[in-house]
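Each chain, letter by letter, is given below.
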Amino acid sequence: MEKQELRALIRQQKQHFSPEELRQLSVSIIDRLLENPKVRQSHVILLYHSLPDEVYTHSLLDILAAEGKNVLLPVVTGDGMMTTQIYRGNFLLHEGAFHIMEPQETLNDTDGKEPSISPDVAIIPGMVFDLQGNRIGRGKGYYDRYLQQLYKQGIRPYTIGLCFPFQIVDHIPTETHDVPVDEVIS
């Protein structure tokens, strides 16, 4: 199947669940993530503020921050790129690009250079993952470009794809610019 077909298939499967059912499915996934040794040992974690059809991460942001971890959230810079900013609480979030909540404060460098704080672990959303860690996002390539930018700077966070079990397939067609994740938790 092509990427667009896989995205459409997963969107259709997600429609079989209410937002509350997806939140309930998220609980065990988040528990497994919190037990992950790489997450436990990390000091700086890139996370995402979930959309209604993604693994629910809103409370995870506060859990990780309460554990003393620096939690980074993506911020779209408007030029097809993203950077990160430190999460300081839900009250400091605003709706950014694609209706995704982003930190309001500019706490990291957003001019495309190395961020002032780099993630040890990057938790990445996706529409579809395969058994080899390949992923299909929503089609804009933000995470692929962000990770490639880090790699060019010698920064290599451990990457974890987060998804529901029905979002995993045997094989995804890949292109040279696609960046696989090290591990998938579903």
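Please refer to the structure placed before this passage.
Heads up: these notes are all about the structure in this document. Note that the structure is predicted; figures quoted are calculated from it, not measured.

Focus: helix H1 (residues 3-14)
Residue pairs three or four apart in sequence face the same way in an α-helix, which turns once every 3.6 residues.
Right, on to step 1. Over its 12 residues, H1 runs 16 Å from end to end, which matches the ideal 16 Å to within 8%, given 1.5 Å per residue.
Right, on to step 2. Inspection of H1 places Lys3, Leu6, Arg7, Ile10 and Lys14 among the buried residues, and these make up the whole buried set. Mapping the buried residues of H1 onto a view down its axis gives an arc of 100°, with all of them on the same face.

Looking at the pairing of strand E9 (residues 158-162)
Right, on to step 1. A large share of E9 lies buried, amounting to 4 of its 5 residues.
Right, on to step 2. By the bridge criterion, 4 bridges tie strand E6 (residues 121-124) to E9 in an arrangement that is parallel. By the bridge assignment for E9, valine 121 is matched with tyrosine 158.
Right, on to step 3. Here E9 runs beside strand E11 (residues 183-185); their pairing, made up of 3 bridges, is parallel. If you follow isoleucine 160 over to E11, its bridge partner there is glutamate 183.

Digging into the sheet that holds strand E10 (residues 168-169)
Right, on to step 1. Pairing is mixed across the open sheet formed by 3 strands, whose spatial order is E8-E7-E10. Edge positions in the sheet fall to strand E8 (135-136) and E10, since each has one partner strand and no second.
Right, on to step 2. Judged from the 2 bridges that link them, strand E7 (residues 128-130) and E10 form a sheet pairing that is parallel. Each residue of the ladder has a partner; that of phenylalanine 129, found in E10, is isoleucine 168.

Some thoughts on the nonpolar core
Right, on to step 1. Leu33, Leu47, Leu64, Ile123, Val128 and Leu162 are the most contacted members of the largest nonpolar core, which has 49 residues in total.
Right, on to step 2. For leucine 47, the residues in contact, after removing those within four places along its chain, are Thr57, Leu60, Leu61, Leu64, Val71, Leu72, Leu73, Pro74 and Ile123.

Brief notes about the pairing of E6
Right, on to step 1. On E6, burial covers both faces: Val121 and Ile123 on one face and Ala122 and Ile124 on the other are all buried.
Right, on to step 2. Relative to E6, strand E1 (residues 44-46) runs parallel, the two sharing 2 bridges. Following the sheet pairing, isoleucine 45 is matched in E6 by valine 121.

Regarding the pattern of salt bridges
Right, on to step 1. Applying the stated rule across the entire model yields 8 salt bridges.
Right, on to step 2. Here aspartate 53 and arginine 138 are joined by a salt bridge, their closest N and O atoms 2.6 Å apart. You can see aspartate 53 sitting in the loop between E1 and helix H4 (58-66) and its partner arginine 138 sitting in the loop between E8 and helix H5 (142-152), a full 85 residues away along the chain.
Right, on to step 3. Its relative accessible area of 36% is what places arginine 138 among the partly exposed residues.
Right, on to step 4. Close ionic contact of arginine 156 with aspartate 182 constitutes a salt bridge, the shortest N to O distance being 3.4 Å. Linking arginine 156 in the loop between H5 and E9 with aspartate 182 in the loop between E10 and E11, this pair joins segments that are 26 residues apart in sequence.
Right, on to step 5. Assessed through its relative accessible area of 36%, aspartate 182 is described here as partly exposed.

Regarding the side chain of lysine 14
Right, on to step 1. Mapped onto the elements of the fold, lysine 14 is located in helix H1.
Right, on to step 2. Engagement of the side chain of lysine 14 in a polar contact is seen with the backbone oxygen of aspartate 53, the distance being 3.0 Å.

Observations regarding helix H2 (residues 19-35)
Right, on to step 1. The end-to-end C-alpha separation of H2 is 25 Å, in line with the 24 Å expected for 17 residues at 1.5 Å each.
Right, on to step 2. In the structure, H2 departs most strongly from a straight axis at valine 27, where the bend amounts to approximately 30°.
Right, on to step 3. Turning to H2, its buried residues are Leu22, Ser26, Ile29, Ile30, Leu33 and Leu34.

Some points on the environment of glycine 68
Right, on to step 1. Along the polypeptide, glycine 68 turns up in the loop between H4 and strand E2 (70-76).
Right, on to step 2. In sequence terms glycine 68 and histidine 16 are 52 residues apart; their C-alpha atoms lie 37 Å from each other.

How each quantity is defined
Residues numbered from 1 in each chain as written. Predicted model: local features only at pLDDT ≥ 70, side-chain atom pairs only at ≥ 80, totals over all residues. Heavy atoms only, no water. Helix = DSSP H or I, 4+ residues; strand = E, 2+ residues; numbered from the N terminus. Expected span 1.5 Å × (residues − 1). Buried < 20%, exposed > 50% of the residue type's maximum accessible area, 1.4 Å probe, protein only. Arc of directions from axis to C-beta. Pairing = 2+ DSSP bridges. Core = buried A, V, L, I, M, F, W, Y, C linked by side-chain atoms within 4.5 Å. Contact = heavy atoms within 4.5 Å. Salt bridge = Lys/Arg side-chain N within 4 Å of Asp/Glu carboxyl O. Polar contact = N/O pair within 3.5 Å; in protein donor to acceptor, adjacent residues only side chain to side chain. Bend = angle between axes of the 7 residues up to and from the residue.

Shape descriptors only; they carry no functional weight alone.
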